Amino acid sequence: MVSNGPHKTTDTKPIPSNVPNDYGHLGVPGSLNMPLNHKRSRRQEGRRRVPGWVKGGIAFGLAFAGFGVVLAVFAIILYPLYFRDLPSSQQAIWTNRWNTVGGYVGQDHLGDDIRDRIITPIPPDYNPYEGIGGGHSEDDVIASLTARAVETGAVQTQQAELNLTQTVQVFQLLPPEDQQATIAVYPEATQWMVMLSPEEGTALAETQAAQTATAQPTPSQTPGGGLEIGMVPTGDGQRTADAGLAAPQATPPATLTPTASPTRQPTPIPLPQSVFLGNNVRYDTQDWNNCGPTTMSMSLSYYGWSGNQSTAASWMKPNYEDKNVSPWQMVRFVNDQTPYNALYRIGGNVQLLRRLLAAGFPVIIEEGFQPAGEDWMGHYLLLVGYNNAEGHFLAYDSYLGSNQGAGYPHTYLQLDQHWKHFNRVFIVVYDSSRENDLRVALGDYVDPGYAYAQALETAQAEIAEDNNDKWAWFNYGSAFVALDDYEAAAYAYTQAFNLDLPWRMMWYQFGPYEAYFYSGNYNDVVSLANTTQSIVDDIEESYYWEGMAYAARGDTQAAIRHFNITLDYNPNFFPARDALQRIQNGTFSVAVVGQ
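About the thresholds
- Residues numbered from 1 in each chain as written.
- Predicted model: local features only at pLDDT ≥ 70, side-chain atom pairs only at ≥ 80, totals over all residues.
- Heavy atoms only, no water.
- Helix = DSSP H or I, 4+ residues; strand = E, 2+ residues; numbered from the N terminus.
- Buried < 20%, exposed > 50% of the residue type's maximum accessible area, 1.4 Å probe, protein only.
- Contact = heavy atoms within 4.5 Å.
- Areas by Shrake-Rupley, 256 points an atom, 1.4 Å probe, with all protein chains shown as cover.
- Core = buried A, V, L, I, M, F, W, Y, C linked by side-chain atoms within 4.5 Å.
- Arc of directions from axis to C-beta.
- Phe/Tyr/Trp six-rings, centres within 6.5 Å; stacked < 30°, edge-to-face > 60°.
- Axes fitted to C-alpha atoms, helices over the stretch in contact; angles between N-to-C directions.
- Parallel < 35°, antiparallel > 145°, perpendicular 65-115°, else oblique.
- Left-handed = near helix turned anticlockwise from the far one by under 90°.
- Salt bridge = Lys/Arg side-chain N within 4 Å of Asp/Glu carboxyl O.
- Pairing = 2+ DSSP bridges.
- Polar contact = N/O pair within 3.5 Å; in protein donor to acceptor, adjacent residues only side chain to side chain.
- Nonpolar A, V, L, I, M, F, W, Y, C, P; charged D, E, K, R; others polar.
- pLDDT = per-residue confidence, 0-100.

With that settled, the discussion passes to the overall build of the protein chain. Of regular secondary structure, the protein chain possesses 23 helices and nine strands. The proportion of buried residues among the 595 residues of the protein chain is 49%. Taking the contacts inside the protein chain whose residues are at least 6 apart along the sequence as the reference set, 68% of them involve residues at least 24 apart. When the accessible surface of the protein chain is split by element, carbon and sulfur atoms take 53% of a total near 28900 Å².

Okay, here's the thing in structure tokens:
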């Protein structure tokens, strides 16, 4: 656990034990002020008594040693060049010879060490995370890998130029010993490479090239320029639906082919059989309708944060009756109001949750929740551990409790079924000093675009299995929204509405507003908003999107009125503030997709 507490300091640097305390009072080395009986005063007399043959032997020995030093210098310079040019089989022979020699002096892996130092294509001080902790740029490592690929024959041209996606394929083409040497020196930089076969590397390159050609939403970033956060509603809102609504009659698009498709699921990394992080978390029971701020305050306590749910709620939901705090608001609170960082992604999976927990990161998820005597609602959980033997996660639940500090068990299947209701969204809080660790744990999910595509593929597969799966249809729409394919999203949401979604759905997820708005269906936006407001009057997102629809239709006064209502409920809802400012300075405009 990272702590913010004070650290013991000292004003003076302690003197090492091997430095005499009276160092400042010692005589100057080589001083002529030396007693006559000092041993150096008799040195010339001693030399006169040394026989000539002894002197000759000493001179010969020194000359021989000097010659050996010269040979060693030449060997150090030339041997790596000679070794690199040897075939892999000959390199293995030399490695075994050095290992044999090393065995006599207690260095059983001497040959392996020498080989690794010679053939490693990436320098030991290489840091791939430019801008995080220094080091070389991404171009440097690509250039190094390109040079090594040409040298080993993996690429048959001296003019080879690689991009980032192709480094995966080149890595796979390198001789196994080169791959192992690279991994040994910097495993974090190559971990994702060794997960792929050459065929998967090619697929990755093709998919990423296609994604580059397709416009993606620009994700928000942490103030310090860290990991990308995810979707933030700057006119692109979030996601939500409502039951009891007349489903908008969207026309099916020509195709529901995904705008982008995920690459692949990472090869599972061996994980501990059980993990528990709850001992470092300060549990808290939520106040009324306050699970989001409470769960976030528990997560922050893991890193030493001294605030509580009231601190978090005062920024996330200034309106006490606000029924929802969205993931982007939770993340923005952490990044703007605390010394820590946070991100969120959609489309997660059970293995990813375990990987994050095993790396030492508690994980917040949002799930469908229906306590006894209540209808369906949304709820946040803080996952603090898992146990593979029992097949369950352990969660601190701000509503149900902490199970006396042991965490409430949720089986993997049970949790995934409820997590599915919110498109498998997850939030991770982290200290900046551990950003590299989080990158490794996230794997491909470092890229929000991968998460969007994974959510799309998962929903598509669930719809293929059950065409009446309302959660899958809704998630399908949300994934299309994230990928800016609003017509396909509108169609998917309409299918979900027709399958009887819970009546509280539009309290938590707002993707339908965005899909209908950007596909030009402003009447559907207003209808959804009015229906929600007739049920509950404290959902600022409904007023924001109704204001957006009025602004797009040219009804400036109605738009301003609704944006002001939004800001009255939550002054920190920056999309409404931005939209209001654009209307007032005459720069408001809407790009409608497909029209």
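So that's the structure; there's more coming.
In a soluble, globular protein the nonpolar side chains are often hidden away together inside. Met296 and Phe426 are the most contacted members of the largest nonpolar core, which has 125 residues in total. Contacts of Met296, omitting those with residues within four sequence positions, involve Met316, Met330, Phe333, Val334, Ile364, Ile427 and Val429.

Moving on, we get to helix H15 (residues 435-442). Within the span of H15, buried status applies to Glu435, Leu438, Ala441 and Leu442. Looking down the long axis of H15, one finds its buried residues gathered within 120° of arc, a one-sided arrangement. Contact partners of the buried residues in H15: strand S4 (341-345), helix H13 (350-358) and strand S9 (426-430). Backbone geometry just after H15 places Gly443 at a positive phi near 60°.

Counted according to the given criterion, the structure contains 31 aromatic pairs. When the ring of Trp328 is compared with that of Phe573, the centres are 5.7 Å apart and the planes differ by 65°; the resulting orientation is edge-to-face. In this pair, Trp328 sits in helix H12 (residues 327-337) while Phe573 sits in the loop between helix H22 (556-569) and helix H23 (574-584), placing the two residues 245 residues apart along the sequence. The exposure classification of Trp328 matches that of Phe573, with both residues buried. Arranged with centres 6.0 Å apart and planes meeting at 40°, the rings of Tyr544 and Phe563 form a pair that is tilted.

Between H22 and H23, the shortest axis-to-axis distance is 9 Å and the interhelical angle comes to 150°. By the angle between their axes, H22 is roughly antiparallel relative to H23. Pair H22 / H23 crosses with left-handed handedness. Contacts from Thr556, Ala559, Ile560, Phe563, Asn564, Thr566 and Leu567 of H22 reach H23 at Ala576, Arg577, Ala579, Leu580 and Ile583.

Let's shift gears to unusual backbone geometry. One can expect most non-glycine residues to show negative phi and most peptide bonds to be in trans. Notably, Gln404 is not glycine yet its phi reads approximately 55°, a positive angle. One can find Gln404 in the loop between strand S7 (392-396) and strand S8 (408-411). Residues other than glycine seldom take positive phi values, yet Arg424 does so here, at roughly 55°. Within the secondary structure, Arg424 sits in the loop between helix H14 (412-419) and S9.

Let us now look at the pattern of salt bridges. Throughout the structure, instances matching the rule amount to nine salt bridges. Put simply, Arg332 and Asp336 hold a salt bridge, and the shortest N to O gap is 3.4 Å. In this pair, Arg332 and Asp336 are both assigned in helix H12, four residues apart and thus about one turn of the helix distant. Among the salt bridges present, the one from Arg424 reaches Asp416, with a minimum N-O distance of 2.9 Å. Of the two residues, Arg424 and Asp416, both sit in the buried class.

To continue, consider the pairing of strand S5 (residues 363-369). Look at any regular strand and the pattern is simple: side chains alternate between the two faces of the sheet. Along S5, seven of the seven residues are buried, which leaves the element largely enclosed by surrounding structure. Side-chain alternation along S5 places Val363, Ile365, Glu367 and Phe369 on one buried face and Ile364, Glu366 and Gly368 on a second face that is also buried. Of the pairings in the sheet, the one linking S5 to strand S6 (residues 377-387) comprises seven bridges and is antiparallel in character. Bridge pairing in S6 places Phe369 opposite Met377.

For the rest of this paragraph, the subject is H13. Within H13, eight of the nine residues are buried, which leaves it mostly tucked inside the rest of the structure. Three or more residues of H13 are buried, namely Val350, Gln351, Leu352, Leu353, Arg354, Arg355, Leu356 and Leu357. Between a side-chain oxygen at the N-terminus of H13 and the backbone nitrogen of Gln351 the separation is 3.2 Å; the capping residue is Asn349. The positive-phi residue at the C-terminal boundary of H13 is Gly360, with phi of around 95°.

Turning our attention to the environment of Asp484. The topology assignment puts Asp484 in the loop between helix H17 (470-482) and helix H18 (486-497). Given the relative accessible area of 25%, Asp484 is considered partly exposed. As a C-alpha pair, Asp484 and Ala515 span 31 residues in sequence and 8.7 Å in three-dimensional space. Polar contacts involving the side chain of Asp484 include one to the side chain of Tyr486, which spans 3.0 Å.

S7 sits mainly inside the fold: five of its five residues count as buried. Of the two faces of S7, the one holding His392, Leu394 and Tyr396 and the one holding Phe393 and Ala395 are both buried throughout. Direction of pairing for S6 relative to S7: antiparallel, over a ladder of five bridges. Counted as the bridge partner of Leu383 is Ala395 from S7. Sheet topology note: the S7/S8 ladder contains four bridges and is antiparallel. When the sheet's bridge partners are listed, Ala395 is paired in S8 with Tyr408.

Glancing now at the packing of helix H11 (residues 309-316) against H12. Any two packed helices are characterised by how steeply their axes cross, that is the angle between the axes, and by the distance between the axes. For the pair H11 and H12, interaxial distance at closest approach is 10 Å and the crossing angle is 110°. As the angle between them shows, H11 and H12 are arranged roughly perpendicular. Across the interface between the two elements, Thr311, Ala312, Trp315 and Met316 of H11 pack against Gln329, Met330, Arg332, Phe333 and Gln337 of H12. Counted by class, the contact of H11 with H12 contains five nonpolar, three polar and one charged residues.

Here Thr295 shows up in helix H10 (residues 291-301). Its relative accessible area of 0% is what places Thr295 among the buried residues. Engagement of the side chain of Thr295 in a polar contact is seen with the backbone oxygen of Cys291, the distance being 2.7 Å. Here Thr295 is in contact with Ile364, Tyr380, Leu381, Leu382 and Ser398, once residues within four sequence places are set aside.

All right, on to the confidence of the model for the protein chain then. Overall, the predicted model of the protein chain reaches an average pLDDT of 74, with 57% of residues at or above 70. Throughout residues 119-141 the model reports pLDDT below 50, and contacts reaching past four residues in sequence, or to other chains, amount to 45 contacts. Note on residues 207-224: pLDDT is under 50 here. Beyond four places in sequence and across chains, it has 35 contacts.

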